[in-house]
Amino acid sequence: MSEQIDMAKVEELAGKVIGDVAGALSLYMAYLGDQTGVFEAIDEMGRVSVAELAEHTGMNEKYLHQWLGSVSAAGYVNFHPEDETFSISPEQALIFSREGQPACMQGFIQAVVSQYESHEKAVKTFKSGKGRPWSDQSECCFCGTDRFFRPGYAANLTSEWIPALDGVEEKLKAGAKIADIGCGHGSSAILMAQAYPKSTVHGYDFHEPSIEEARRKAKAAGVDNVQFEVASAQDYPGEDYDFACIFDALHDMGDPVGASRHIRETLKDDGTFMLVEPMAGDSMAENMHPLGQIFYAFSTTVCTPASLAQDVGLGLGAQAGQRRLTEVLEEAGFQKVRRASETPTNMVLEVTG
């Protein structure tokens, strides 16, 4: 039987791919504008010509002309044809140039660029079926990941997530012992140390360069009630923690059951474990939307390879969903799992018992 091709469907899909290609290149252009400070310059200057922007930034006018054409066509910058000038609206500035704002997407974009940077390794890993250690990712991935998640933590961690837990905020204000496991560059640990000065925060991560960066950030922030140490989630030191937390990292671990079991063993009897994971439904069908598409993609080249490179190699993936996460936590010995809070990108689980 000959294959029947519906050309209308071909044209429809081809049109979508062209849009995706445009989007991919727009992110690349956005990364260039971020790393060179051009978005920030336009935000500072207001409506500006190419020549004025070139003079202000000291950059090549010809490059800026091409770049502005691309980002204007993408809707990232506004082009005014009546006088050939460009501007950035307050809304565009929040997305592309205002560092630290929850709406700023440059960290997300930087993380995407990091995956293209190491594409040859990704292809080799995907084809082999073997793991790829977190340490094998590019520095751009580490920085982009921290940069993307940090504003969300700043906006929600101490104002929404911790207050949503049963009795935890009161303990932290009075003075408690906190473990931040898989702390990365230390953003979440430092935020807690600043918000709860009577508490002591212990940040643990198995990636030594990240711990070194966390120590630098803590020193720059001027907090002395936080300390960072290289350790895995399965054997970090200490006991009698009042509060333990993992931010967007349990699914990256090779043995999330073992990690959760160790957390339970090092918590006080009345201690609480807060697990923050990417927002996801319990089935793939529930995750067929742009955010699910993005998380599945990062999971393919970052999260699952990192898990498979470790002992056990469970490979939960970034779209595990609450039901699967609850199974992991119950296998580790916890008795109660409750969704305490959520954002469009994260679910916050309160884990006790």
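Everything that follows concerns the structure shown earlier in this document.
Residues numbered from 1 in each chain as written. Predicted model: local features only at pLDDT ≥ 70, side-chain atom pairs only at ≥ 80, totals over all residues. Heavy atoms only, no water.

Caption draft 1: Quick peek at the pattern of salt bridges. Evaluation of the coordinates by the stated rule reveals 17 salt bridges. Measuring nitrogen to oxygen at the nearest pair gives 2.7 Å for the salt bridge that ties arginine 47 to glutamate 82. Here arginine 47, found in the loop between helix H2 (38–45) and strand S1 (48–49), pairs with glutamate 82, found in the loop between strand S2 (78–80) and strand S3 (85–87); they are 35 residues apart in sequence, far enough to count as distant. On the basis of relative accessible area, glutamate 82 is assigned to the exposed category, the value being 58%. Note that arginine 339 is salt-bridged to glutamate 342, the shortest N-O span being 2.9 Å. A network of salt bridges, in which partner residues are shared, links Asp34, Glu99 and Arg147. (Salt bridge = Lys/Arg side-chain N within 4 Å of Asp/Glu carboxyl O. Helix = DSSP H or I, 4+ residues; strand = E, 2+ residues; numbered from the N terminus. Buried < 20%, exposed > 50% of the residue type's maximum accessible area, 1.4 Å probe, protein only.)

Caption draft 2: Inspection of unusual backbone geometry at higher detail. With a phi close to 55°, aspartate 240 is a non-glycine residue in the positive phi region. Classification of aspartate 240 by relative accessible area gives partly exposed; the value is 43%. Located in the positive-phi region is aspartate 248, a residue other than glycine, with phi close to 50°. Within the secondary structure, aspartate 248 sits in the loop between strand S7 (241–247) and helix H12 (256–266). The class for aspartate 248 is buried, based on a relative accessible area of 8%.

Caption draft 3: Inspection of the packing of helix H1 (residues 7–35) against helix H4 (residues 61–74) at higher detail. Viewed as axis vectors pointing N to C, H1 and H4 meet at an angle of 125°, and their least axial separation amounts to 10 Å. The pairing of H1 with H4 is recorded here as oblique in orientation. For H1 against H4, the interelement crossing comes out left-handed. Taken together, the residues of H4 that come into contact with H1 (itself represented by Ser26, Met29, Leu32 and Gly33) are Trp67, Ser70, Val71 and Ala74. (Axes fitted to C-alpha atoms, helices over the stretch in contact; angles between N-to-C directions. Parallel < 35°, antiparallel > 145°, perpendicular 65-115°, else oblique. Left-handed = near helix turned anticlockwise from the far one by under 90°. Contact = heavy atoms within 4.5 Å.)

Caption draft 4: Representation of helix H6 (residues 106–117) within the structure. Between its first and last C-alpha atoms H6 spans 16 Å; for 12 residues at 1.5 Å apiece the expected length is 16 Å, and the two agree. For H6, the set of buried residues is Gln106, Gly107, Phe108, Ile109, Gln110, Ala111, Val113, Ser114 and Gln115. Next to the buried residues of H6 lie H1, H2, helix H5 (90–96), helix H7 (119–128), helix H8 (139–161) and helix H13 (290–308). (Expected span 1.5 Å × (residues − 1).)

Caption draft 5: The arrangement of the layout of surface pockets in detail. Considering only enclosed or pocket space, the largest pocket measures out at about 990 Å³ in volume. Around the largest pocket sit 25 residues that line it, and Ala24, Leu27, Val112, Tyr116 and Ala297 are the ones nearest its centre. Looking at the lining of the largest pocket, the elements that each hand over two or more residues are H1, H5, H6, H7 and H13. Partitioned by chemical class, the residues of the lining of the largest pocket number 19 nonpolar, 5 polar and 1 charged. Here the second largest pocket is characterised by a volume of approximately 770 Å³. Top contributing element to the lining of the second largest pocket by residue count: H8, with 8 residues. (1 Å grid on protein atoms, 1.4 Å probe; cavity = no way out; pocket = protein on both sides within 12 Å on 5 of 7 lines; lining within 4 Å. Points joined across faces, edges and corners; volume = space filled by probe spheres on them. Nonpolar A, V, L, I, M, F, W, Y, C, P; charged D, E, K, R; others polar.)

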